[in-house]
Amino acid sequence: MEEKIINGICCDVENCVHNNGSCCCTAREIHVNHRSNGSAETVCETFSEI
């Protein structure tokens, strides 16, 4: 079965369940905040920690 990814989305958040390990997002859809509190934080509200 082929893994579904969101084309055009590159994710480097290593501890997100939706990151397939190749910087591709496997979430059904994403919601992105307009900014984060610091450079170590993701702006992706779909983030879910492993």
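Above: the structure in question.
Below or above, wherever it landed, is the structure these notes cover.

1. Comments concerning unusual backbone geometry
- Even without glycine at this site, Cys23 takes up a positive phi of about 65 degrees.
- Judged by relative accessible area, Cys23 falls into the partly exposed class, the value being 32%.

2. Describing the state of the cysteines
- Within the structure shown, the criterion is met by 0 disulfides.
- For Cys10, which is in no disulfide, the shortest distance to another cysteine sulfur is to Cys23 and amounts to 4.5 Å.
- With no disulfide partner, Cys11 has as its closest neighbouring cysteine sulfur the one in Cys16, 5.5 Å distant.
- Owing to a relative accessible area of 15%, Cys11 belongs among the buried residues under this scheme.

The rules behind the values
- Residues numbered from 1 in each chain as written.
- Predicted model: local features only at pLDDT ≥ 70, side-chain atom pairs only at ≥ 80, totals over all residues.
- Heavy atoms only, no water.
- Buried < 20%, exposed > 50% of the residue type's maximum accessible area, 1.4 Å probe, protein only.
- Disulfide = S-S within 2.5 Å.

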